[in-house]
Amino acid sequence: MEKEEQKVENEKKKRILSGIQPTGIFTLGNYIGAIRNWEQMQEDFECAYFIADLHSLTVRQEPAKLRKQILEAFALLLACGIDPKKSLCFIQSHVPTHTELSWILSGVTQFGELSRMTQFKDKSAKHADNVNAGLFTYPVLMAADILLYQADFVPVGADQKQHLEFTRDIAERFNSRYSPTFTLPEPYIAESGARVMSLQDPTKKMSKSDENPKAFVSILDTPDVIMSKFKSAVTDSDTEVCYKEGKDGINNLMSIYSVLNNKSLDEVEKEFAGKGYGDFKKAVGETVVEALRPIREEFDRLKTEKAYLEEVYTEGARNATAISSRTLSKVKRKVGLL
Ligand code: ATP
Ligand code: LTN
């Protein structure tokens, strides 16, 4: 391609943005539903990925532990293949524009629409002793995260879809009340693997904050631990490996196996025809062990490189501040701040 053509091509690249909370070591669910897609998108899009540490303050955290988790989460992002040479990577609280825009957007947000958010309802039931204002306004900060960078697509798991719809509503409202300012972001939810379920209760999503460690596979679990978690995964009393309503446990394992091996569910069904659940669980475990091995090895290497990590997130914060300040200045002017 000619140089000029290449330049035009680069300028046309769509923008992607996504974040993840540093509430624990990422799970296989986070990896399959979100981060794995982030990595693949780096080639075709202009990407920004960040650690949503401010969002994690909506649940009670122990300060020293949180500090450690933020750095670990950042290192994990890089270990999962997010490349700071290709993508903007930063830590949310290092970029002050996020909270500033969040306050301005809260003026165009209605109490009623925040009350309808299912994550708010779920989390306030789970943390009934700490239903704080941040938990309620969580989606407004998330909208600010996205709109500041004029993102075209936001790759997330299915559980975040409602927050994205909210973000679009706010952006549309702002654009029509003032003048076109924000790009309307589209959710980008992978068809398969968008919701990996708990290995102990396959009607619930796999979550890194689950009290039962057997319910989730952490991306740093050792091969032995991974194999034993799959071995004890809850299935059903049937014997056939096939994708069917009511077979939540098997459906979940099939979908994990199919995504990581790039096979259709039909192919997986054929591959295991006549074989029992034991063999199938072992095969799923082995696939997961191999998929996570390079990540664990890279993480072990990176966690000793504190100076490198600091350099990357400092540079990331500088660039993110520069990009997002452009949007924020525009917004301040439009709403009438002096
Ligand atoms: P927590 O347990 O603290 O609520 P979480 O494990 O749900 O955390 P988040 O930080 O809320 O993780 O989510 C990070 C990304 O991973 C989001 O894009 C979310 O949609 C995706 N994700 C989380 N859990 C799953 C899952 N079980 N299957 C697929 N995607 C998931
Ligand atoms: N709420 C998201 C994390 C998150 C996010 C974002 C994702 C915060 N800000 C902006 C995409 C875009 C979560 O819990 N998964």
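What comes next is a walk through the structure.

What counts, and at which threshold
Residues numbered from 1 in each chain as written. Chains lettered and ligands numbered in written order. Predicted model: local features only at pLDDT ≥ 70, side-chain atom pairs only at ≥ 80, totals over all residues. Heavy atoms only, no water. Axes fitted to C-alpha atoms, helices over the stretch in contact; angles between N-to-C directions. Helix = DSSP H or I, 4+ residues; strand = E, 2+ residues; numbered from the N terminus. Parallel < 35°, antiparallel > 145°, perpendicular 65-115°, else oblique. Left-handed = near helix turned anticlockwise from the far one by under 90°. Contact = heavy atoms within 4.5 Å. Nonpolar A, V, L, I, M, F, W, Y, C, P; charged D, E, K, R; others polar. Near = heavy atom within 4 Å. Polar contact = N/O pair within 3.5 Å; in protein donor to acceptor, adjacent residues only side chain to side chain. Areas by Shrake-Rupley, 256 points an atom, 1.4 Å probe, with all protein chains shown as cover. Buried < 20%, exposed > 50% of the residue type's maximum accessible area, 1.4 Å probe, protein only. Arc of directions from axis to C-beta. Phe/Tyr/Trp six-rings, centres within 6.5 Å; stacked < 30°, edge-to-face > 60°. Lys NZ or Arg CZ within 6 Å of the ring centre and 35° of its normal. Pairing = 2+ DSSP bridges. Right-handed = clockwise from strand over helix to strand, strands pointing away. Core = buried A, V, L, I, M, F, W, Y, C linked by side-chain atoms within 4.5 Å.

1. Some remarks on the packing of helix 10 (residues 223-231) against helix 13 (residues 277-302)
Relative to each other, helix 10 and helix 13 sit at 150 degrees, their axes nearing to 9 Å. By the angle class used here, helix 10 and helix 13 are roughly antiparallel. For the element pair helix 10 and helix 13, the recorded crossing hand is right-handed. Contact with helix 10, carried on its side by Pro223, Ile226, Met227, Phe230 and Lys231, involves Lys281, Lys282, Val284, Gly285, Glu286, Val288, Val289, Leu292 and Arg296 of helix 13 and no other residues of that element. Each residue belonging to the contact of helix 10 with helix 13 can be placed in one class, and the counts come to eight nonpolar, one polar and five charged.

2. What about the site of ligand 1?
The full set close to ligand 1 counts 21 residues, and Gly157, Asp159, Lys205, Ser207 and Ser209 are the nearest of them. Glycine 29 places a main-chain nitrogen or oxygen 3.2 Å from a nitrogen atom of ligand 1. One of the backbone N or O atoms of valine 196 is found 2.7 Å from a nitrogen atom in ligand 1. Contact with the protein chains hides 95% of the accessible area of ligand 1, taken as 600 Å² for the molecule alone.

3. Observations concerning the environment of serine 102
In this fold, serine 102 is placed in helix 5 (residues 97-106). For the pair serine 102 and alanine 143, spaced 41 residues apart in sequence, the C-alpha separation works out to 7.5 Å. Beyond its immediate stretch of four places on either side in the chain, serine 102 contacts Val140, Leu141 and Ala144.

4. So, the site of ligand 2
Around ligand 2, a shell composed of 14 residues is seen, among which Gln21, Tyr138, Met142, Asp145 and Gln160 lie nearest. Between ligand 2 and aspartate 145 there is a distance of 2.7 Å, counted from a nitrogen atom to a side-chain nitrogen or oxygen. Protein contacts shield 91% of the accessible area of ligand 2, which totals 370 Å² for the unbound molecule. Elements with a minimum of two residues in the shell around ligand 2: strand 1 (15-20) and helix 8 (133-147). Looking at which element gives the most residues to the shell around ligand 2, the answer is helix 8, with four residues. Class assignment of the residues belonging to the shell around ligand 2 gives a composition of eight nonpolar, five polar and one charged.

5. Structural notes on helix 7 (residues 118-126)
Three or more residues of helix 7 are buried, namely Gln119, Phe120 and Ser124. Within helix 7, the buried residues cover an arc of 120 degrees as seen down the axis, which keeps them to one side. Seen from the open side of helix 7, the exposed residues pointing more than 90 degrees away from its buried face are Asp122, Ala125 and Lys126. Packing partners of the buried residues in helix 7 comprise helix 6 (111-115), helix 8 and helix 9 (161-177).

6. Regarding the packing of aromatic side chains
As enumerated under the stated definition, the model contains 13 aromatic pairs in all. With a centroid separation of 5.0 Å and 70 degrees between ring planes, the pair formed by phenylalanine 120 and phenylalanine 136 is classed as edge-to-face. Placement of the pair is phenylalanine 120 in helix 7 and phenylalanine 136 in helix 8, with a sequence separation of 16 residues. With a relative accessible area of 17%, phenylalanine 120 lands in the buried category. Taking the centre distance of 5.0 Å and the plane angle of 55 degrees together, the rings of phenylalanine 174 and phenylalanine 182 count as tilted. The burial state of phenylalanine 174 is the same as that of phenylalanine 182; both residues are buried. Taken together through their ring pairs, the aromatic side chains of Phe45, Phe153 and Tyr188 make up a single cluster. Between lysine 229 and the ring centre of phenylalanine 216, over which it is positioned, the NZ or CZ distance is 5.2 Å.

7. A word on the pairing of strand 2 (residues 46-51)
As a general feature of sheets, a regular strand has side chains that alternate between the two faces. Burial runs high along strand 2: five of the six residues are buried. Relative to strand 2, strand 1 is paired through six bridges, and the arrangement is parallel. When the sheet's bridge partners are listed, leucine 17 is paired in strand 2 with alanine 48. One crossover worth recording links strand 1 to the parallel strand 2 by way of helix 2 (residues 28-41), and it is right-handed.

8. Examining the environment of tyrosine 31
Turning to its location among the elements, tyrosine 31 is positioned in helix 2. Placed 249 residues apart in sequence, tyrosine 31 and phenylalanine 280 show a C-alpha to C-alpha distance of 21 Å.

9. Observations concerning the nonpolar core
Grouped together as the largest cluster of nonpolar side chains are 60 residues, with contacts concentrated most on Leu28, Phe74, Phe230, Ile256, Phe280, Val288 and Leu292. Looking at this core, the element that brings in the most residues is helix 13, giving ten residues. Beyond its immediate chain neighbours, meaning those up to four positions away, valine 288 contacts Leu28, Val217, Ile226, Phe230, Ile256 and Leu260. By size, the runner-up hydrophobic cluster in this structure holds 38 residues, among which are Leu88, Leu101, Leu105 and Leu164.

10. Observations concerning the packing of helix 11 (residues 248-261) against helix 13
Two elements in contact, helix 11 and helix 13, have axes whose closest approach is 10 Å; the angle formed by their N-to-C orientations is 40 degrees. Compared by their axis directions, helix 11 and helix 13 come out oblique. Two packed elements cross with a definite hand, and for helix 11 against helix 13 that hand is left-handed. Here Ile250, Leu253, Met254, Ile256, Tyr257, Leu260 and Asn261 of helix 11 lie close against helix 13, whose contacting residues are Tyr277, Phe280, Lys281, Ala283, Val284, Thr287, Val288 and Ala291. Of the residues in the contact of helix 11 with helix 13, the class split is twelve nonpolar, two polar and one charged.

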